[in-house]
Amino acid sequence: MSDKTAFVPSLIGTSGETLREAFGKALTAAAADYPSLVVLDADVAGGTGTHHFRRAHPDRFIQLGIAEQNMIGVAAGLALAGRLPVATTFAVFALRTIEQVRQSIAYPKLNVKIAASHPGLDAGPDGASAQALEDIAAFRAIPGMTVVSPADAIEMTKAVPAILAHVGPLYLRTGRSPARRIFDDSYVFELGKGRIVRDGKDVTIVACGVEVARALDAADLLARDGIAARVVNMSTIKPIDEALLITCARETGAFVTAEDHNVVGGLGGAVAEALARTTPAPIEFIGVQDVFGESGEPEELADKYGLAGPSIAAAARRAIARKGKH
Amino acid sequence: MSDLQARATEIRRIAVSLIHGAGSGHPGSCLSAADVIAALYFGELRPADKFVLSKGHACPALYAALHLRGLFDRAALGSFRRLGGLLQGSPTTTIPGVDATCGSLGQGFSIALGLALGLRQVSDTVAQEPHVFVMLGDGELQEGEVWEAAMAAGHYHLGNLCAIVDYNKMQSDDLNARIMGLEPLDAKWRAFNWNVQTIDGHDFGAIAAAFANARATAGRPTVIIANTIKGKGVSYMEGVPSWHGSVKLKPEEIRQALADLGVPAERQPEYAFHV
């Protein structure tokens, strides 16, 4: 069967809540458990979901205006004063704070969380200037930084308490668009652990964020040809779940990584580094291929830039064909 | 010589000796800032107060003050800029007594703002709020982040925040006025809703009065524009931009520097901290 076969998205994923709304609500719910929790905003509370927190806890919501670099430094100072700051903005503006994050937060190992919505092509019609395709790579390169990108609203809801319980700097990628459901309410989030969301023996698709649903679409497409693809939700990108990757290498022998991000330095880079060190296997990289995006709806952009299910399925076939040839 | 003057002189002696011993560092910035740092650590700072050296390259002066306050011993001074050493080339919170990690200009000011906001949140009354003091270099004011933080501090009426600009008029390459002019500086801070005081940064009476004014000013952050002399106290460094750093002091240069700071030749070996 060719990749041009009519493509029908899987129904696992009824359109669910956005990750940013789930984030804002989970943060608000966690406020009682964390009396020192304060939320910082740079004039995008309506966009990041933190308007929920602002409404419930106005005295613990700190508005810094459109000044993200200062916001990060303020978060560092608040942490030094014993508060638990969560600094929130859009992913593309988190990028402009990368030196503040490395110097003022990560180097002194401060307990600050940075949460960013509108990552990748998911930022959509605002175009390339609003589409952060480099944030995972940039944050991942900072020593001691944990990087998390949940796949759906349920995982986000479960991840927020775990993230607040984690002591140390952490970057959380949320999302703008309604996310298809991957998990049910029984899901247990574990920081640093990948999760097999669909099993298979022929190839492993390692995905994060919105790409997990698209990886499941790809697995459906591949199944029509009798190819059994394993799909791993790798929501913690750093530290990466190396043990799970080794297991997948031994059991499936080929990989595709899928992320709404540049193919340079993100999830694909993390997986490739881990496998190269441990159990080398053929890998194909799904993501934006080192170019800038453009205006469009997220699903249109995913099609055009090769992030949708059919592209992932094609990559899986390529990875399988490379087995034993390296 | 007043006690503060003696402390400041000792800070200067230690700072230039650390830079000489390490083979690199920023002497001019330490020497201009030494009097304000002495006034903070031997007078102004209360136990819960914080001091952020946003111009982190002047850390030899800060380390000297912390050593004189007993936070670490003489042997630790010899670790300045050395592999595995306690005293890093820029201040970090792993060093006893250092309240914030600095070294990238502009960022310490935001950290000080966050400290002031956080300490306000955990204080029951305004009177109980610890004060946060932050020293900025003049060249540092060219960083945009400084003005983001200045705007926010004014907006939040942070009376518990006091900034000191070490206004020695020089930066790494040349005079401020030739690199990127700062004037009118007092008007800039006023426009950001700060209480502004301009003083002679080498006059201990004026420094103390400015700190008292800052503590007495509620509802507005205070900036003390401290007019200082780069390289103050060392004859051949005063007013010479090339001593900003990072410089290696020759043996005859450290001898002259210590002599200018009142250390006779026979006592100069006491200031050889690096072994």
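Residues numbered from 1 in each chain as written. Chains lettered and ligands numbered in written order. Predicted model: local features only at pLDDT ≥ 70, side-chain atom pairs only at ≥ 80, totals over all residues.

Undergrad: What exactly am I supposed to notice about the overall build of chain A here?
TA: In terms of helices and strands, chain A carries 13 helices and 14 strands. Principal axes of the C-alpha set define a box for chain A whose edges measure 60 × 40 × 35 Å. Counting every position in chain A, which comprises 326 residues, the buried fraction comes to 59%. Within chain A, counting contacts between residues at least 6 apart in sequence, those at least 24 apart form 81% of the total. (Helix = DSSP H or I, 4+ residues; strand = E, 2+ residues; numbered from the N terminus. Buried ≥ 20, exposed ≤ 12 C-beta atoms within 10 Å, placed from the backbone. Contact = placed C-beta atoms within 7 Å.)

Undergrad: How should I be thinking about the overall build of chain B in this particular structure?
TA: Check the secondary structure of chain B and you find 10 helices and five strands. Taking 2.2 N^0.38 as the reference for a compact globule, 275 residues should give roughly 19 Å; the C-alpha atoms of chain B span a radius of gyration of 18 Å, in line with that estimate. Once the C-alpha set of chain B is aligned to its principal axes, its extents read approximately 55 × 40 × 35 Å. In chain B, which comprises 275 residues, the proportion classed as buried is 54%. Restricting to contacts in chain B with at least 6 residues of sequence separation, those with at least 24 account for 77%. (Rg over C-alpha atoms; globule rule 2.2 N^0.38 Å.)

Undergrad: Before we go on, may I ask you to explain the interface of chain B and chain A in this structure?
TA: A common way to report how large an interface is uses the accessible area buried once the components associate. Contact with chain B, which involves 22 residues of that partner, is made by 22 residues of chain A. Among the elements of the structure, helix 5 (107-121) and helix 6 (144-155) of chain B are those that each provide at least two residues to the side of chain B that touches chain A. It is helix 5 of chain B that provides the largest number of residues to the side of chain B that touches chain A, a total of 11 residues.

Undergrad: Any chance you could explain the nonpolar core here in plain terms?
TA: Nonpolar side chains in soluble globular proteins tend to be buried together. Core analysis: the biggest nonpolar cluster contains 200 residues, and Ala75(A), Ile205(A), Ala316(A), Ile37(B) and Ala61(B) have the highest contact counts within it. Of all the elements, helix 2 (residues 27-44) of chain B adds the most residues to this core, at 10 residues. When residues are assigned to domains, this core turns out to be shared by domain 1 (15-180) and domain 2 (195-320) of chain A, each giving three or more. For Ala75(A), the residues in contact, after removing those within four places along its chain, are Leu40(A), Pro85(A), Ala87(A), Ile105(A), Val112(A) and Gly114(B). (Core = buried A, V, L, I, M, F, W, Y, C linked by C-beta atoms within 7 Å. Domains from an automatic or database assignment.)

Undergrad: Just checking my understanding: could you explain the packing of helix 1 (residues 3-22) of chain B against helix 10 (residues 251-260) of chain B for this structure?
TA: Packed helices, taken two at a time, are described by the angle their axes make and the gap between the axes. All names here are of chain B. Between helix 1 and helix 10, whose axes approach to 10 Å, the crossing angle comes to 175°. If you check the angle between helix 1 and helix 10, you find them roughly antiparallel. Of the residues in helix 10, those touching helix 1 at Arg13, Val16, Ser17 and His20 are Ile254, Ala257 and Leu258. Class assignment of the residues belonging to the contact of helix 1 with helix 10 gives a composition of four nonpolar, two polar and one charged. (Axes fitted to C-alpha atoms, helices over the stretch in contact; angles between N-to-C directions. Parallel < 35°, antiparallel > 145°, perpendicular 65-115°, else oblique. Nonpolar A, V, L, I, M, F, W, Y, C, P; charged D, E, K, R; others polar.)

Undergrad: Which parts of the structure should I look at to understand the domain arrangement of chain A?
TA: Residue and element names in this part refer to chain A. Splitting chain A by domain gives domain 1 (15-180) and domain 2 (195-320). With 28 residues of domain 1 in contact, the opposing surface of domain 2 contributes 32 residues. In terms of residue class, the side of domain 1 that touches domain 2 is built from 14 nonpolar, eight polar and six charged.

Undergrad: Looking at this structure, how should I read the packing of helix 1 (residues 19-30) of chain A against helix 8 (residues 153-165) of chain A?
TA: All names here are of chain A. The N-to-C vectors of helix 1 and helix 8 enclose an angle of 40°; their axes lie 8 Å apart at closest approach. In terms of orientation, helix 1 lies oblique with respect to helix 8. Taken as a pair, helix 1 and helix 8 cross one another with a handedness that is right-handed. Residues Leu19, Ala22, Phe23, Ala26, Leu27 and Ala30 of helix 1 pack against Ala153, Met156, Thr157, Val160, Pro161 and Leu164 of helix 8. Looking at the contact of helix 1 with helix 8, its residues break down into 11 nonpolar, one polar and no charged. (Left-handed = near helix turned anticlockwise from the far one by under 90°.)

Undergrad: What am I meant to see in helix 2 of chain B here?
TA: Side chains three or four residues apart in an α-helix point the same way, a direct result of the helix having 3.6 residues per turn. All names here are of chain B. For helix 2, which comprises 18 residues, the first-to-last C-alpha distance of 24 Å matches the rise-based estimate of 26 Å (1.5 Å per residue) to within 8%. Along helix 2, the sharpest kink reaches roughly 50°, centred on alanine 34. Judged by how many residues are buried, helix 2 sits mostly within the fold: 16 of 18 residues are covered. (Expected span 1.5 Å × (residues − 1). Bend = angle between axes of the 7 residues up to and from the residue.)

Undergrad: Whenever I open this one, the sheet that holds strand 3 (residues 61-63) of chain A confuses me. Can you help?
TA: Note on sheets: strands pair through backbone hydrogen bonds, and any given pair is parallel or antiparallel. Residue and element names in this part refer to chain A. Reading across from one edge, 3-2-4-5-7-6-12 is the order of the seven strands in this open sheet, with mixed pairing throughout. Since the sheet does not close on itself, it has two edges, and those belong to strand 3 and strand 12 (236-238), each with one partner. Mean inter-strand twist for the sheet, computed between neighbouring axes without regard to direction, equals 20°. In the sheet, strand 5 (residues 113-117) pairs with strand 7 (residues 170-173) via four bridges, with the strands oriented parallel. By the bridge assignment for strand 7, lysine 113 is matched with leucine 170. (Pairing = 2+ DSSP bridges.)

Undergrad: Would you explain unusual backbone geometry in this entry?
TA: A negative phi angle is the norm for most residues apart from glycine, just as the trans form is the norm for most peptide bonds. Residue Pro239(A) follows Lys238(A) across a cis peptide bond; omega there is -5°. Secondary-structure assignment places Pro239(A) in the loop between strand 12 and helix 10 (242-252). In this chain, Glu183(B) is followed by Pro184(B) through a cis amide linkage whose omega measures 0°. Locating Pro184(B) in the fold gives a position in the loop between helix 7 (176-179) and helix 8 (185-191). Non-glycine residue His118(A) carries a positive phi angle of around 55°. In this structure His118(A) comes out as buried when scored by C-beta crowding, with 26 C-beta atoms within 10 Å. Notably, Asn193(B) is not glycine yet its phi reads approximately 70°, a positive angle.

Undergrad: So what exactly am I meant to see when it comes to the confidence of the model for chain B here?
TA: When pLDDT is low, close inspection of the predicted coordinates is not appropriate. The share of residues in chain B with pLDDT of 70 or more is 99%, and the mean pLDDT across the chain is 96. This complex was scored by the predictor with a pTM of 0.95 and an ipTM of 0.96. (pLDDT = per-residue confidence, 0-100.)

Undergrad: Sorry if this is basic, but what is going on with the environment of Glu259(A) here?
TA: All names here are of chain A. Structurally, glutamate 259 can be placed in strand 13 (residues 255-262). Through-space distance from the C-alpha of glutamate 259 to that of phenylalanine 285 is 8.6 Å; in sequence the pair is 26 residues apart. With sequence-adjacent residues up to four places away left out, glutamate 259 is seen in contact with Ile136, Ala207, Cys208, Gly209, Glu211, Gly266, Leu267, Gly268 and Gly287.

Undergrad: Whenever I open this one, the environment of Phe292(A) confuses me. Can you help?
TA: All names here are of chain A. By the element assignment, phenylalanine 292 lies in the loop between strand 14 (283-288) and helix 12 (298-304). Classification of phenylalanine 292 as exposed rests on a count of 11 C-beta atoms within 10 Å. Taking C-alpha positions, phenylalanine 292 is 5.8 Å from alanine 128, a pair spaced 164 residues apart along the chain.

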